[in-house]
Amino acid sequence: QVQLVESGGGLVQPGGSLRLSCVASGSIFSINRMGWYRQAPGKQRELVAAITSGGSTNYADSVKGRFTISRDDAKNTVYLQMNSLKPEDTAVYYCNAGLKKDSGDFNRAYWGQGTQVTVSS
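The rules we used
- Residues numbered from 1 in each chain as written.
- Predicted model: local features only at pLDDT ≥ 70, side-chain atom pairs only at ≥ 80, totals over all residues.
- Heavy atoms only, no water.
- Disulfide = S-S within 2.5 Å.
- Helix = DSSP H or I, 4+ residues; strand = E, 2+ residues; numbered from the N terminus.
- Buried < 20%, exposed > 50% of the residue type's maximum accessible area, 1.4 Å probe, protein only.
- Polar contact = N/O pair within 3.5 Å; in protein donor to acceptor, adjacent residues only side chain to side chain.
- Contact = heavy atoms within 4.5 Å.
- Core = buried A, V, L, I, M, F, W, Y, C linked by side-chain atoms within 4.5 Å.
- Salt bridge = Lys/Arg side-chain N within 4 Å of Asp/Glu carboxyl O.
- Pairing = 2+ DSSP bridges.
- Axes fitted to C-alpha atoms, helices over the stretch in contact; angles between N-to-C directions.

A short note on the state of the cysteines
Working definition: the covalent bond between the sulfur atoms of two cysteines is a disulfide.
Next, step 1: Applying the stated rule across the entire model yields one disulfide.
Next, step 2: Disulfide pairing is shown between Cys22 and Cys95; the S-S distance is 2.1 Å. Looking down the S-S bond of the Cys22 and Cys95 bridge, the torsion is -80 degrees, so its handedness is left-handed. Of this pair, Cys22 sits in strand β3 (residues 18-26) while Cys95 sits in strand β9 (residues 91-100), placing them 73 residues apart in sequence.
Next, step 3: With relative accessibility at 0%, the residue Cys22 sits in the buried group.
Next, step 4: Residue Cys95 is classed as buried on the basis of its relative accessible area of 0%.

See the structure below:
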């Protein structure tokens, strides 16, 4: 059983910062791409940022220069540092990981349960 658990969400004022964490646990052989997605009310889920096992990153245009994704493979953890937050960043943020449970497994996508981020004065 594989589980992704996010933490770090909350209420923050515009211009503030938050750091999200996502820990993958369970039977894991290797983790490939890890990413953060978000979904605002009435909108589709969208990619915020992703990082490969080699450290390559990509970001949504709306967060470039403000958000930074990183990972600690020793801890099976991915982070999202969010600075200069705006009200339009308000959403549920979901962690995603492509991983294998053993050497013969296919690379499968797993999701966390989501953490709420609210940016408001």
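Observations concerning the side chain of Thr77
Next, step 1: When you line up the elements, Thr77 lands in strand β8 (residues 77-82).
Next, step 2: Judged by relative accessible area, Thr77 falls into the buried class, the value being 4%.
Next, step 3: Within the local environment of Thr77, its side chain forms a polar contact with the backbone oxygen of Lys75, the two atoms lying 2.8 Å apart.
Next, step 4: Those residues in contact with Thr77 that lie beyond four places of it in its chain are Cys22, Val23, Met34, Ser70, Arg71 and Asp72.

A look at the nonpolar core
Next, step 1: Core analysis: the largest hydrophobic core is formed by 30 residues, its most contacted members being Trp36, Val48, Phe67, Val78, Leu80, Met82 and Tyr93.
Next, step 2: Elements represented by at least two residues in this core include exactly β1 (2-7), β3, β4 (30-39), β5 (46-51), β7 (67-72), β8, β9 and β11 (115-119).
Next, step 3: With five residues, the single largest contributor to this core is β9.
Next, step 4: Setting aside anything within four residues of it in sequence, one finds Met82 in contact with Gly16, Ser17, Leu18, Leu20, Arg66, Phe67, Tyr93 and Val117.

As for the pattern of salt bridges
Next, step 1: In the structure shown here, the tally under the stated rule is six salt bridges.
Next, step 2: Glu46 is the salt-bridge partner of Arg38, the closest N and O atoms lying 2.7 Å from each other.
Next, step 3: With a shortest N-O distance of 3.0 Å, Asp89 and Arg38 are connected by a salt bridge. Residue Asp89 is located in the loop between β8 and β9, and its partner Arg38 is located in strand β4; the two are separated by 51 residues in the primary sequence.

A word on the sheet that holds β3
Next, step 1: Strand order in the open sheet made by the four strands is β1-β3-β8-β7, with antiparallel pairing throughout. Looking at the sheet topology across the chains shown, the edges are occupied by β1 and β7. With strand direction ignored, the average angle separating the axes of adjacent strands in the sheet is 15 degrees.
Next, step 2: Here β1 runs beside β3; their pairing, made up of six bridges, is antiparallel. Paired with Leu4 across the bridge in β3 is Ala24.

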